[in-house]
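Structural overview for review
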Amino acid sequence: MDNYAKQFGLTGTQMSILDFIGTRTDVLQRDIETEFNIQRSTATVTLQRMEKQDLVERHPSPNDSRQKNRHRNQRGQTATRACVQLHYATTKRNQR
């Protein structure tokens, strides 16, 4: 996945996080930490970089105002879709 993500200026982990966020609702940072088995500091830095790249947004959780849900924005959705399409096209071409 790294090779595909790199073409969009992302790491494989960032692309995986975008995919994870996109397939769930109300994703908290601790959900990302658990899913990817990463430390809180790593998740914080990664998500901050993704926010800076305008791929994800942070919104208050309706259940707990101390928590913030992560959501892909339009740019994050576009990057995920493009990476998946490239992966699919390359895999299909290599199967011939």
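Residues numbered from 1 in each chain as written. Predicted model: local features only at pLDDT ≥ 70, side-chain atom pairs only at ≥ 80, totals over all residues. Heavy atoms only, no water.

The next subject is the side chain of Gln29. Looking at the secondary structure, you find Gln29 in helix 3 (residues 29-36). Under the relative-accessibility criterion, Gln29 is labelled buried at 15%. Side chain to side chain, Gln29 and Arg70 meet in a polar contact 3.3 Å long. Excluding its chain neighbours within four sequence positions, the residues that come into contact with Gln29 are Arg40, Ala43, Thr44, Leu47, Lys68 and Arg70. (Helix = DSSP H or I, 4+ residues; strand = E, 2+ residues; numbered from the N terminus. Buried < 20%, exposed > 50% of the residue type's maximum accessible area, 1.4 Å probe, protein only. Polar contact = N/O pair within 3.5 Å; in protein donor to acceptor, adjacent residues only side chain to side chain. Contact = heavy atoms within 4.5 Å.)

What follows covers unusual backbone geometry. Within the chain, Asp26 stands out as a residue other than glycine whose phi angle is a positive 55°. Mapped onto the elements of the fold, Asp26 is located in the loop between helix 2 (12-22) and strand 1 (27-28). Overall, Asp26 belongs to the partly exposed group, its relative accessible area being 40%. The backbone phi angle of Asp54 is positive, close to 60°, even though this residue is not glycine. What makes Asp54 partly exposed here is its relative accessible area of 43%.

Pairing between side chains of opposite charge can happen when the charged atoms of each approach one another. This model, assessed by the stated rule, comprises three salt bridges. The salt bridge involving Arg58 is made with Glu51; its shortest N-O contact spans 2.9 Å. With relative accessibility at 42%, the residue Arg58 sits in the partly exposed group. Two residues, Arg70 and Glu51, come together in a salt bridge whose shortest N-O distance is 2.5 Å. Of this pair, Arg70 sits in strand 3 (residues 68-72) while Glu51 sits in helix 4 (residues 40-52), and the two are 19 residues apart along the sequence. (Salt bridge = Lys/Arg side-chain N within 4 Å of Asp/Glu carboxyl O.)

Given 3.6 residues per turn, any residue in an α-helix points the same way as the ones three and four places further on. By the burial criterion, the buried members of helix 3 are Gln29, Ile32 and Glu33. What you see down the axis of helix 3 is that its buried residues fit within an arc of 100°, all on one side. Packing partners of the buried residues in helix 3 comprise helix 2, strand 1, helix 4 and strand 3. Looking at the residues trailing helix 3, positive phi occurs at Asn37, about 50°. (Arc of directions from axis to C-beta.)

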